[in-house]
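Topology and contacts: notes
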Amino acid sequence: MIIHLTAKPGSARNNKTGSWRIEKKPKFLQKNCVACKNCLIICPEGCITGEEKNTFNCDYDFCKGCGLCAVICPKQDIIMVSEE
Ligand code: SF4
Ligand code: SF4
């Protein structure tokens, strides 16, 4: 009997990984963003969208609160805030 314990690569988008968040979530300030796309590239969930300066945001249904986007942002335009 074979038991599949792992998900197929790239399947995270099919699961609402936002339920994994424990304490913090990112807040995109949209004030000093230079549209470098570092946050979009580093996000392991691929849940950040944006094109122009100060338009980047994330989909909280999929954001798991890892904080990588806030760490990588060169303009400190993403902060981690408490879940309400
Ligand atoms: S905290 Fe940022 S990098 Fe991490 S999953 Fe959420 S949006 Fe993506
Ligand atoms: S990392 Fe910061 S400056 Fe770069 S696109 Fe994301 S929010 Fe904007």
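Residues numbered from 1 in each chain as written. Chains lettered and ligands numbered in written order. Predicted model: local features only at pLDDT ≥ 70, side-chain atom pairs only at ≥ 80, totals over all residues. Heavy atoms only, no water.

1. So, the site of ligand 1
In the neighbourhood of ligand 1, 13 residues make up the surrounding shell, with Cys43, Cys63, Cys66, Gly67 and Cys69 lying closest. The class makeup of the residues in the shell around ligand 1 is nine nonpolar, two polar and two charged. (Near = heavy atom within 4 Å. Nonpolar A, V, L, I, M, F, W, Y, C, P; charged D, E, K, R; others polar.)

2. Some points on the environment of cysteine 47
Note that cysteine 47 resides in the loop between α1 (38–42) and β2 (48–49). Expressed as a C-alpha distance, the spacing of cysteine 47 and cysteine 63, which sit 16 residues apart in the sequence, is 6.3 Å. (Helix = DSSP H or I, 4+ residues; strand = E, 2+ residues; numbered from the N terminus.)

3. Observations regarding unusual backbone geometry
At glutamine 30, a position not held by glycine, the phi torsion is positive, near 55°. Note on placement: glutamine 30 falls in the loop between β1 (24–28) and α1. When its relative accessible area of 31% is taken as the criterion, glutamine 30 is described as partly exposed. (Buried < 20%, exposed > 50% of the residue type's maximum accessible area, 1.4 Å probe, protein only.)

4. Re the environment of valine 71
Residue position: valine 71 is located in helix α2 (residues 68–72). Measuring from C-alpha to C-alpha, the distance between valine 71 and isoleucine 42 comes to 10.0 Å, with 29 residues separating the pair along the chain.

5. What about the side chain of lysine 25?
Relative to the assigned elements, lysine 25 resides in strand β1. Once you skip the residues sitting within four places of it in the chain, lysine 25 turns out to touch Tyr60, Ile79, Met80, Val81, Ser82, Glu83 and Glu84. (Contact = heavy atoms within 4.5 Å.)

6. Remarks on the site of ligand 2
Around ligand 2, the structure places Cys33, Val34, Ala35, Cys36, Lys37, Asn38, Cys39, Phe56, Cys73, Pro74 and Ile78. Taken together, the residues that form the shell around ligand 2 break down as nine nonpolar, one polar and one charged.

7. Considering the nonpolar core
Within the largest apolar cluster, 14 residues are counted, with the highest numbers of intra-cluster contacts made by Phe28, Cys39, Ile48 and Ile78. Apart from residues lying up to four places away in sequence, cysteine 39 is in contact with Phe28, Ile48, Phe56, Cys69, Ile72 and Ile78. (Core = buried A, V, L, I, M, F, W, Y, C linked by side-chain atoms within 4.5 Å.)

8. Notes on the side chain of aspartate 77
Locating aspartate 77 in the fold gives a position in the loop between α2 and β4 (78–82). In terms of polar contacts, aspartate 77 uses its side chain to reach the backbone amide nitrogen of glutamine 30, at 3.2 Å. (Polar contact = N/O pair within 3.5 Å; in protein donor to acceptor, adjacent residues only side chain to side chain.)

9. Description of the state of the cysteines
Summed over all chains, the structure comprises zero disulfides. Not engaged in a disulfide, the cysteine cysteine 47 finds its nearest cysteine sulfur in cysteine 43; these two sulfurs lie 3.7 Å apart. (Disulfide = S-S within 2.5 Å.)

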